[in-house]
Amino acid sequence: MEVPPLVVAQRVARTDAEGPGLRYAVWVAGCTIRCPGCCNPEMFDARAGEAIAIETLADDVRRAAVDGLTLLGGEPFEQAAACASLASAVASAGGSVMVFTGYLREDLERRDDPHVRRLLAVTDLLVDGPYMRDRPETSRRWIGSANQRMHFLSSRHFPGDPRLSAPNQLVIRLERGSLAVHGFPARSLFARARRS
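Attention here is on the structure that accompanies the text. (Residues numbered from 1 in each chain as written. Predicted model: local features only at pLDDT ≥ 70, side-chain atom pairs only at ≥ 80, totals over all residues. Heavy atoms only, no water.)

## Considering the sheet that holds strand S5 (residues 96-100)
- Strand order across the open sheet formed by seven strands is S3-S1-S2-S4-S5-S6-S7, with mixed pairing between neighbours. With one partner strand each, in any of the chains shown, strand S3 (50-52) and strand S7 (149-152) form the two edges of the open sheet. In this sheet, adjacent strand axes meet at a mean angle of 25° when their direction is disregarded.
- Lying over the sheet, helix H1 (residues 54-64) contacts strand S1 (6-15), strand S2 (23-28), S3 and strand S4 (68-73), oriented at roughly 5° with respect to S1. (Pairing = 2+ DSSP bridges. Helix = DSSP H or I, 4+ residues; strand = E, 2+ residues; numbered from the N terminus. Axes fitted to C-alpha atoms, helices over the stretch in contact; angles between N-to-C directions. Contact = heavy atoms within 4.5 Å.)

And the structure:
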């Protein structure tokens, strides 16, 4: 069966703001969950991205010489076949896989979808649950709201990792004449911005 290309809204080849270690981050296009207050509403539209072959992305990840891949969005499980293929290629080459989803793990596991099961099987660290803007997370890194959970699906990452409690960071990049923002700012940065 031919693997579809992944429709990508944004990607950053080397970042430490999107998971443990140095990571290749891919924001997929398309999300039907559409959490109010989402920091990436421009990625809701599944057509608002570039279709990129899995082989091309996998080669880019290898060339970036990173610790692993982070899939965000948008919603990775809405492109489960392509995301599973990319994640499998990265895992086969020794990289870790982290996935952010607005779905609950239990709901994903109940789906009768081999691509969803395959993506879960190669995921080392899963962050699940919809973003809730009225429940901001204040102590866990990379997590947007307090209801979201971290699932350590392999022994590669672990709850006591000191990187999980380090402050969040907001990264601003100027790339080819466009401003790109990613990461999640520390709560204190929001407070300073509101006072200004």
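## Let's talk about H1
- Among the residues making up H1, those that are buried are Ile54, Leu57, Ala58, Asp60, Val61 and Ala64. Within H1, the buried residues cover an arc of 160° as seen down the axis, which keeps them to one side. The exposed residues of H1 that point more than 90 degrees off its buried face are Glu55 and Arg63.
- Residues of H1 that are buried sit in contact with S1, S2, S3, S4 and helix H2 (80-92).
- Of the residues one or two after H1, alanine 65 is the one with positive phi, at around 50°. (Buried < 20%, exposed > 50% of the residue type's maximum accessible area, 1.4 Å probe, protein only. Arc of directions from axis to C-beta.)

## A short note on the packing of H1 against H2
- The geometry of H1 relative to H2 is characterised by a closest axis approach of 9 Å and an angle of 35° between their N-to-C directions. In this structure, the crossing between H1 and H2 has a hand that is right-handed. Contacts between H1 and H2 pair Ile54, Leu57, Ala58, Val61 and Arg62 from the former with Ala82, Ser85, Leu86, Ala89 and Val90 from the latter.
- Classifying every residue of the contact of H1 with H2 gives eight nonpolar, one polar and one charged. (Left-handed = near helix turned anticlockwise from the far one by under 90°. Nonpolar A, V, L, I, M, F, W, Y, C, P; charged D, E, K, R; others polar.)

## Considerations on the pairing of S2
- Buried residues dominate S2, accounting for six of its six residues.
- The pairing of S1 with S2 spans five bridges and is antiparallel. In the strand pairing of S2, threonine 15 is matched with arginine 23.
- As defined by bridge partners, S2 adjoins S4 across six bridges and the pair is classed as parallel. In the strand pairing of S4, valine 26 is matched with leucine 71.

## Some points on the nonpolar core
- By size, the foremost hydrophobic cluster in this structure holds 31 residues, and its most contacted members are Leu6, Val26, Leu69, Phe77 and Leu86.
- With seven residues, the top contributor of residues to this core is H2.
- Other than its neighbours up to four places away in sequence, leucine 6 contacts Val26, Val28, Glu50, Ala51, Ile52, Ile54, Leu57, Gln79, Ala82, Cys83 and Leu86.
- Among the nonpolar cores identified, the runner-up in size contains 13 residues, and Ala25, Leu125, Ile143 and Leu164 belong to it. (Core = buried A, V, L, I, M, F, W, Y, C linked by side-chain atoms within 4.5 Å.)

## Things to note about the side chain of arginine 141
- Here arginine 141 lies in the loop between strand S6 (125-128) and S7.
- Buried charge without a partner: arginine 141 forms no salt bridge, and the closest opposite charge is aspartate 16, 4.8 Å away.
- For arginine 141, the side chain forms a polar contact with the main-chain oxygen of aspartate 16, separated by 3.2 Å. (Lys, Arg positive; Asp, Glu negative; His and termini not counted. Salt bridge = Lys/Arg side-chain N within 4 Å of Asp/Glu carboxyl O. Polar contact = N/O pair within 3.5 Å; in protein donor to acceptor, adjacent residues only side chain to side chain.)

Structural measurements only, silent on function.
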